Every structure is written in C-alpha cells, then in structure tokens.
Amino acid sequence: MQFRSHTLDNGLEIIAEVNPNAFSLATGYFVKTGARDEISPKAGVSHFLEHMVFKGTSRRSAEQVNRELDELGSQSNAYTSEEQTVYYMTVLPENQSRTIDLLTDLMRPALRVEDFETERKVILEEIAMYDDQPPYGAIERAMEEFFGGHPLGIRVLGTAKTVSQLDAEYMRQYHAERYAPDNLCLVAAGAVDFDALIKQAEQLTRSWTPAGHTRKLAMPTVNPHSIHIQHPPAVQQYLVEIGLGPSRRDEKRFASRVLTSVLGDDSGSRIFWELVDNGLADTASLFTQEFQECGLIGAFIVCTPEDLDENWQRFQSIVDQCERDPITNKELVQAKNKICSGIVLGAERPSNRLFTVGNAWTLRNTYETVEEVLQNYSRVTVDDVNLALQGWMKQPRVLVTAGPTETCPLKS
Amino acid sequence: MEQTVYSETFANGLTLLFEPMPWLQSVAFTLLVRSGNCHEPENRLGLAGVCLEMVQRGAGPRDSREIVEALDFLGVERSSSISTFHSIFSTAMIRTALEETLSIYADIVQRPSLLDDDLDDARQVALQELLAIKDDLAHRCLTELKRIRFQQPYGRSAYGSEEGIEAITIDDVQKQFENRFHASGSILSVAGNYDWNDLRNLVQKLFGSWSSKSFETEPDLKVSSTVGHIAEDSAQNYIALAYDCVPYQHPDYYESRGLIGVLSDGMSSRLFTEVREKRGLVYGISASCQSLKDRGSVFCYAGTTNGRAEETLQVTLETIQSLGDGVTEDELARLKSRIKTSLVLEQESCMSRSSQIASDWYYLARVPSRQEVAARVERLSCQSLLNHFNANPPKNWTLVTLGHEKLELPSAI
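Residues numbered from 1 in each chain as written. Chains lettered and ligands numbered in written order. Predicted model: local features only at pLDDT ≥ 70, side-chain atom pairs only at ≥ 80, totals over all residues. Heavy atoms only, no water.

Chemist: Honestly, the pairing of strand S11 (residues 285–292) of chain B in this entry has me stumped. Any pointers?
Modeler: Walk down a regular strand and you will see the side chains alternate between the two sheet faces. Residues and elements named next belong to chain B. Across 8 bridges, the pairing between S11 and strand S12 (residues 295–305) is antiparallel. Counted as the bridge partner of Ser 288 is Phe 299 from S12. Hairpin connection between S11 and S12: a loop of 2 residues separates the two successive antiparallel strands, and Lys 293 in this loop has a positive phi of roughly 50°. (Pairing = 2+ DSSP bridges. Helix = DSSP H or I, 4+ residues; strand = E, 2+ residues; numbered from the N terminus.)

Below, the structure is given as structure tokens:
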C-alpha cells in the first residue's frame, strides 16, 4: 500500500492509495462544495447540480454518459453532503483510462435547459419520497433549528419551493465558481497506475483555470429549544436531539465516537440494554456527525407515541447515571474492538478506502493508513471517554419530535 | 483468479461450504436453518422470528448479555433474519475470531436456553419491528404484493402479525425450535481467509453431534394473478408489480436474468431511461428476480407523486413489453460488462460470497464457479434473449398500489 499525491499547475490535487494487488480500482472527484456553500433561497443547488452532471457534456449526450458508465461495468454513483459533492466509480483496473476520461468530462457538464426541467421533476420526486419516510424530516429540521442562520443548517436537498425556483443560469454561475480545479480533488484507491493518472488528468484539465474559492468556517451559536412536527399518517413517534460535539479535525473525536458506542450503539450498549433489548423502543441510539469546524452528538429514538415520554426519561437517566457509574475499561475495550474490527473489514475494499482517503485529504488535509487510524482508537482511555461525556452533557441541545400526535408527546 | 469451493455434507445432514479467499484478513459465514415463516402455524405468524430472537437470548453457558458481549469483544459484525424457508445468521469478522464465534453459534442453534422470562422481551422486540415496518410505505407495498401473489403460507411477511406474536407462548417457541432447528437441511457456508482442513475439523467438533430430522415436504406454491390497493395519505404513490419468470434453478435462468438486466441494471437500462431520464416520473425504479420454490417472479417497484401514477404504470408496462422487440448488441455488451465486473469485485467481499454460495447450494445443490457463470453469460446472445422472451412472455401479473391512486392492470396484458 503506497500513498501518492500530486498537484497540477491549475491547482487540481490528485491523490491515491495504491494497492497493486487489489482486484479493482475505485476513483472519484471530490468537489469541495455542498449545502453549506449555498444561500438559503437557492438551497439544493449543489445537489441539483450533482444530478445535472450526469445529463451530458459538450462531448457526450446524457444517453451516452449513462451508456458509457454501464459499458465500463462500473458501480458508480454520486452524493452531495453539507461539505462536498462526490462522483465515484469502481471499475476493473484495465478501464482506468476510459473511466478518468469520462469522470473528468463530467466535471464540465453542458447544463442544458431542457434537461434541467426534466431533472427538476426527478428531484421533486426525491423530496416527496423522503417526505414519506421516517423520521419525516426530523433530522433536517433539527439541523436547521440547531444551526439557525449558520450555513450548516441548509438542507442538502433544498425544499420543493427552492428547487422549483432554481434556474439554469444560476446553476451555471455556481458551477463555474465551485468546480474550478483548485476546489476539486481526484482521488483513487486500489490497483491504480498513478503516473498514468497524473498524465491523463493534466492533459484533460489543461484549459481549466483556478477560481480561488475559499470556505468560511465559524462556530454556530446554539439556541436550545424544541419543535414538534405532526405527520398524521405515521404510526411511530420519532425523536432527534442534537448537541455540539468534536469536529473532523478535533483529536477528541475518537473518544467521542467510543462514547457513543459504549452508551448508544445499536447493540450491546447501555441504552440498548435498557430500551431496545426489552422492546420498549424500536430504536434508541446515539450518533456522531462531524464537520470542518464543529460536530454533533445526537440521540435518536423510535417508539410508540404513548411510550415516548417514559422512554426519553429513561434515556436521559442512563446518561445522567454515568456520573455515578462511569464508563469502565471493559466497556471501553468492547467498543474499541467493535469499531476497529469494522474499520479493518471495511478497508478490504478499495471502494470503501476511496471515501476514507478522499474525505481525510479534502476535509482534513491528511492521509492516514488503516494502522494509523486504529492507533487513534487504541490511544483512547477511560478518562478520555468520561471527559467526552462530561463535555457533551454541558452542551445546549435542540430537540425535534415527529409523529402522528398534534402536539409533542413529551410532558416536560 | 481460479476459484475453488469445498463442500462436505456431514452424517447428520449439515452441509459445510467453503470458499478460500486468502488475500483477505477476514472471514464470513452464513448459517441457514430450516425455520422460515412458511413453517409457522397459521395462528402464530411471527413465531419463526420470535424463535430466532429467543435462541440468541442465551445459549450454552452464556446468557443474552454474555453472548452480545462476547461477540462484540471479538468484533463480529452480525445480523439475523427470517426468509420464507430459513432462519438466517450472517457474520463477518477478522479471521482469528472465527473459532470462538462459531462455537457461540453452535450453542445458539443447538443449546439455546429458551427461558420463559425472556419471552416477553422477545415478543416486545418483534412487535416494535412490526410497528416500525408500518411506517415504511415501500416495504408495505411490496409485502402486500408478496401476500396476494404467493398466498398462504408463502406470501407471509417475515415480521408476522400482531395477533400471531401476541399469542406466542414459551411452549410454541420450544416446539418450533425442536421441530425446525436440526442439522439436516442446514447449510453453513464460510468464505474468507481460513484453512479448509482446520475448518472441517472445527465444524465436525462443534456441529457433528447436532440432531437430525426428516422434514415433511412443503406444500406446492400457487401464484395468484390479481390487483390490490392500500389507501394511504402519502406524498408519493407506490407501485409494485410482479410477473412470472423462470426460477434460479432453471437451465434458462441466465436468459431471464439477462432480460431483467436490460430492464433494470444500470443507468442506461430501459426502465431508468424511459421512466426516469426521459419523463422524470420517478426518483427510483427497479426490477429484480425472486425465486420461490420452483417459481420465479420479476418484481418491479416505482414511486411517483399524485397525478403521475397511471402514466408511470403505463410506461413501465410498455417498457417491459418492449423486450419483445429484441435486445440490441450494445445492450447485451453492457450487460455482459456489468456482470463480468461484478464477478471480479465479489472477490473483495467474504460476506457476499458466503451468502451467495449458501443460496446457490440451497437452489442448485452445488456452487457454480465464477468461470462457469462467466462462460454461461458469455453465451447469451440477442437472439437467445429474444427467443426466451417469446417463449416466456410476461404473464400472471400481480399489481399493488399504495397511496391516493388505485390503479388497474390494462386488459391487454
């Protein structure tokens, strides 16, 4: 396994974790733009653009793009998050050159008006699909309420209203600013010919010019409060509560992840034994999410509306009880083993390493081997985890419930 | 890369399969036990699931908590589920954890505690899952399709029914375990970095004395062609559609799979192109093949907002029928390329291989090699696909809609 990196004159970064013995090559463009780079009235433009990227270029029609993706036998897709937009393909190594040609061409989409209108319908269907799915927008709403006017509160998909109002001209302008070579990173993992990759990317992106785009980072100001969303057809009640946690770059994130595993993993955690194993709730867990300047630690519960209040009280008392009954070494080892085993199993596939390596480089400017990542966890102590817990307990929170009841079923 | 799959059926009827993948650090196993939802008494729907939950709540020397702690300590990724014919245990782990993990599962399937004190919790977990599924509209639509298409006992939901789960007693659980958890007909498939001789000895030691039983023959499957609707105040209308195809064990299965691939594999597939790309009617649309006993069915699924359901169904049906106009050389080449790539990529995942070889053994009583599958796919031609379509045109349609719009199947199909 060898890490290689190179930056072209136009600012395009190219990195790879080369494993000549791998069966496949996973590669993709990581674009450093996402919902947090949007303005509220234009929410959803990054995600809409992600869809439009597949609708053709000056060299290829939409049909040609789709045909070529399949001709390459690729497992390909794209996603948009708050912080980036990623286009990726997993192919046989013999297809490296054709894959890079296609992916690089896609970064310069035609953005034709007629395609724009058809794709708008697809995105409105996607929004409608999520409107029907639990937890009925509770997570997006919790993010909006938690971050207030901070850009991390902008919804990745946008809303039916903002998507209906977006126009192709605005998207072209957005694309020109955000898809400049100094805002992109070409990432590869697996059986990659790195020298050929550099040569081809250099040739294909020769005419691209940098735009000098930077992202402003700022800590959010949290106003603790709660919101209820009524969704009459729902059977179950959903609760999401979020508070501030460590960022992607914060060394404390490892202790924080171990903490959520000990307390709130979906199996074998303190919350699992008290709420899920006995069937009081369908789901009761803790999760972490990390961004560049801050992160979140969140609670999630799914149960019947009538049980929510009691379950939430139990949930909180399990957390409160940790002061008298701190995390033990046995719990620490169990959680670390679970996390580390998952990392080792996941790392066997280049298609997984692509995201680990790409995210670390584009959002943290670093490369870590699997062994280094495992060491980050092995260094976590019981004291670190208990400190992470104390830190989290002091954080202001935002709570959102969603379900069939007219008002929030929590009594307090 | 040349592939070997070892198999051995022990004296008690347990079949052990092994695919070595020495380039990995991991190993995975799938264990199929013949306790599926088609084996439940009619008034105890959900019993297979509750029994599966109960066997994991204490077995051998360990109680429920000790089992979870031991598996977590070993870093075992795991899940369990119910299918029509089986209780399924799936795991993946670092290779050094296999011996201890297998010994825990040997206790689970042979020596579960099945304590009355644990039943209330297991039943509550099953009822929670049932409630959660009610909020999953796509799942409900497909469950209803299966229910009306395959009827009793094959159209049952893996999650059972509220009445069935509430009626379950500890005697029911013990009886289900005694009747169904035996070595005979069970399949233990292992894939990953391990040694065949060590594995065989280990399995002989842990499972060699597992009990045997001859099972009664399962009833014939009858497929019903009908239409159903669930009224729901939802943002989208959900359309689930099924029709006959040949099953996995049929000699022409790859022709049938090829036709489904032309319809639904990849972004240039016909359904994706016609329904989503050209008309923007849906976000997601898919078709897949499901085999049940000696019958195969193509299941199609689409979701669309109000006022567009009828057009979505019409375009979907027209696209399926367009296979009768033939498949182009380009389409066939793309299909072959996708399958060829997936055959290579599956070597990166011991979990997917352990699950695939178990399924192969259940349907075919053998595991076709990658080379054999590749050669079979290579033999597909535009003409063979067209001939297959003409000889097996879509028939026995079942349609279920969920949402505001109730649809009917056109009389012409």
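Chemist: Looking at this model, I keep getting lost on empty space enclosed by the protein. Mind explaining?
Modeler: Unfilled space is identified by rolling a water-sized probe across the atoms. Per the stated rule, a full pass over the model turns up 5 cavities of 30 Å³ or more. In this structure, the largest cavity spans a volume of roughly 120 Å³. Around the largest cavity, the lining is made up of 13 residues, and of these Tyr243(B), Cys245(B), Ser256(B), Leu259(B) and Asn392(B) lie nearest the centre. For the lining of the largest cavity, the secondary structure elements donating two or more residues are strand S10 (236–245), helix H9 (253–264) and helix H15 (382–391) of chain B. Taken together, the residues that form the lining of the largest cavity break down as 9 nonpolar, 3 polar and 1 charged. Estimates place the volume of the second largest cavity at around 90 Å³. As for the second largest cavity, its lining consists of Asp70(A), Gly261(B), Val262(B), Asp265(B), Ser268(B), Ser269(B), Glu331(B), Arg334(B), Leu335(B) and Arg338(B). Among the elements of the structure, H9 and helix H12 (329–345) of chain B are those that each provide at least two residues to the lining of the second largest cavity. Top contributing element to the lining of the second largest cavity by residue count: H12(B), with 4 residues. Among the residues making up the lining of the second largest cavity, the classes are represented as 2 nonpolar, 3 polar and 5 charged. (1 Å grid on protein atoms, 1.4 Å probe; cavity = no way out; pocket = protein on both sides within 12 Å on 5 of 7 lines; lining within 4 Å. Points joined across faces, edges and corners; volume = space filled by probe spheres on them. Nonpolar A, V, L, I, M, F, W, Y, C, P; charged D, E, K, R; others polar.)

Chemist: In this structure, what is going on with the sheet that holds strand S6 (residues 184–190) of chain A? I would like to understand it.
Modeler: All names here are of chain A. Reading across from one edge, S1-S2-S6-S3-S5-S4 is the order of the 6 strands in this open sheet, with mixed pairing throughout. Two strands lie at the open edges of the sheet, namely strand S1 (2–7) and strand S4 (75–80), each paired on one side alone. The mean inter-strand angle of the sheet, taken between neighbouring strand axes irrespective of direction, is 10°. The strands that helix H3 (residues 96–106) touches are strand S3 (25–31), strand S5 (85–91) and S6; relative to S3, the one it contacts most, it runs at about 15°. (Axes fitted to C-alpha atoms, helices over the stretch in contact; angles between N-to-C directions. Contact = heavy atoms within 4.5 Å.)

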